[in-house]
Amino acid sequence: ARFFLASLAASTLFPVCFAQTPSAGDLLSRYEEALGGKAALAKLDTRVAKGSMEIPDDNTHAPFELYQKAPGKYYLFVNDPDNGQSRVILNGPSGWTQDPDSGLHEMTEQELIAARRDYDFHREIRLASLFPTMKVTGKEPVGTQQAWVIEASAPDGATEKLYFDVSSGLLLERDYERVNPDAGIVMNRVFFSGYRKVDGVMMPFTIRQSTADDELIFHFEDIRTNVPIDDSRFTKPTS
C-alpha cells in the first residue's frame, strides 16, 4: 500500500519550559500530560475516524475510514476514485495490505513488527516500552517551531526521531525508515497539526506523511472514541 496512518494523539498547550536540556523521560511525561493525562488516554479503547486523504501531486482527494481497537487491531480503508480501493489491516499477530497495483499481501514478519509498534492503540503512553533506548539530542526546527528531539531505538534495532514542541510539549513530527520493495530504504516524515479535543484527549485532525517521492495528507472530519467495533472488521479481506 502507498499509505499508512500512525499515531493520532497529539497535544494542547502545556506551558512548561525547561531551564536546561530535559531528559527523554521529562519530555514523555510532559507529552502525556499535554495530551490530557495518562488516565484519560488509558480510558480509550476504540477509535473510529473518517475524513479525506489528499494527494497533492495529483490534486485529488479520496475518502478514508479508520478503525482502531486496543491493543493492536487496526483497519484503514481508502477509496481513491482514480486508483481504486486500498486497505491496511492489523489483527494482532497477522496483518495485510491491499491496493489496486499489487493486490492483497500478507505482511512479512518485519512489517508486522513495525506495524504493531506503529498501530499500538496506546502508543502515546507506551513510547518508553516500545523504545527502551532513548536520548535527547538537542533542539531542531520543525517549520517555524523549535522542537526537542529524541532519538529512540526499538529492541529490533529500528530507530525513530521524535520532535516535541519546545513551547507546548506536543509531538510535531516523527521520522523513521521503512523498506520498500521497489524503492529500497525510504525515509518517512510524519507531521501532526490541527489539534482538537476528543473525549478529553487532544488529537490532530491533520496528519501529513512525506517521503522523497510522495506526500499524503489525511484531513480528519470526525473522530469518535469508545464506540463498539465488531472484530470482523479486522479479518483478512476475501477479495
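Just so we're clear, the structure is a prediction, and the values are computed from it rather than from any experiment.

Lay out the overall build of the protein with the relevant residues and their values.
Secondary structure assignment for the protein yields four helices and 13 strands. Relative to the compact-globule value of 18 Å for 239 residues, the protein shows a C-alpha radius of gyration of 17 Å, a close match. Its C-alpha atoms give the protein principal-axis dimensions of about 55 × 40 × 35 Å. When each of the 239 residues of the protein is scored for burial, the buried share is 50%. Summarising the internal contacts of the protein: among those between residues at least 6 apart in sequence, 47% fall at separations of at least 24. Here the protein displays about 11300 Å² of accessible surface, and carbon together with sulfur accounts for 48% of that area. Each charge class in the protein was averaged separately, 25 positive and 35 negative side chains, and the resulting centres sit 6 Å apart.

Before we move on, can you summarise the nonpolar core with the specific residues and values?
L76, I150 and F220 are the most contacted members of the largest nonpolar core, which has 50 residues in total. In terms of residue count, the dominant contributor to this core is helix α1 (residues 24-35) (five residues). The next biggest cluster of nonpolar side chains, apart from the first, holds nine residues, and it includes Y75, F77, I89 and W96.

If you had to explain α1 to someone new, which residues and values would you point to?
The end-to-end C-alpha separation of α1 is 17 Å, in line with the 16 Å expected for 12 residues at 1.5 Å each. Among the residues of α1, those classed as buried are A24, L27, L28, R30, Y31, E32, A34 and L35. After α1 finishes, the residue G36 shows a positive phi value of roughly 135°.

Run through helix α3 (residues 109-118), naming residues and quoting values.
Residues of α3 that are buried: L112, A114, A115, R117 and D118. For α3, the elements touching its buried residues are β4 (84-91), β5 (94-99), α4 (127-130), β9 (159-165) and β10 (171-180).

Can you lay out unusual backbone geometry for me, pointing to particular residues and giving the numbers?
Residues apart from glycine generally show negative phi values, whereas peptide bonds are mostly found in trans. Here the residue pair A70 and P71 is connected by a cis peptide bond, since its omega of 0° sits within 30 degrees of zero. Positive phi outside glycine occurs at N59, with the angle close to 55°. Tracing the backbone shows N59 in the loop between β1 (46-55) and β2 (60-69). Within the chain, N226 stands out as a residue other than glycine whose phi angle is a positive 55°. Relative to the assigned elements, N226 resides in the segment after β13 (215-225).

Kindly report on the packing of aromatic side chains, identifying the contributing residues and their values.
Scanning the model with the defined rule gives five aromatic pairs in all. The ring of F205 has R196 lying over it, and the distance from NZ or CZ to the ring centre is 4.1 Å. Over the ring of F191 we find R208, and its NZ or CZ is 4.1 Å from the ring centre.

How would you sum up the pattern of salt bridges? Please name residues and give values.
Tallying each qualifying case throughout the model produces 14 salt bridges. Across the pair R116 and E109 runs a salt bridge, and its minimum N-O distance is 3.8 Å. K161 serves as the salt-bridge partner of E140, at 3.4 Å between the closest nitrogen and oxygen. Of this pair, E140 sits in strand β7 (residues 133-142) while K161 sits in strand β9, and the two are 21 residues apart along the sequence. When its relative accessible area of 27% is taken as the criterion, E140 is described as partly exposed. Overall, the relative accessible area of 24% leaves K161 in the partly exposed class. It is possible to trace a salt-bridge network through shared partners that takes in D118, R123, E160, R174 and R178.

Rules and cut-offs
Residues numbered from 1 in each chain as written. Predicted model: local features only at pLDDT ≥ 70, side-chain atom pairs only at ≥ 80, totals over all residues. Heavy atoms only, no water. Helix = DSSP H or I, 4+ residues; strand = E, 2+ residues; numbered from the N terminus. Rg over C-alpha atoms; globule rule 2.2 N^0.38 Å. Buried < 20%, exposed > 50% of the residue type's maximum accessible area, 1.4 Å probe, protein only. Contact = heavy atoms within 4.5 Å. Areas by Shrake-Rupley, 256 points an atom, 1.4 Å probe, with all protein chains shown as cover. Lys, Arg positive; Asp, Glu negative; His and termini not counted. Charge placed at Lys NZ, Arg CZ, Asp CG, Glu CD. Core = buried A, V, L, I, M, F, W, Y, C linked by side-chain atoms within 4.5 Å. Expected span 1.5 Å × (residues − 1). Phe/Tyr/Trp six-rings, centres within 6.5 Å; stacked < 30°, edge-to-face > 60°. Lys NZ or Arg CZ within 6 Å of the ring centre and 35° of its normal. Salt bridge = Lys/Arg side-chain N within 4 Å of Asp/Glu carboxyl O.

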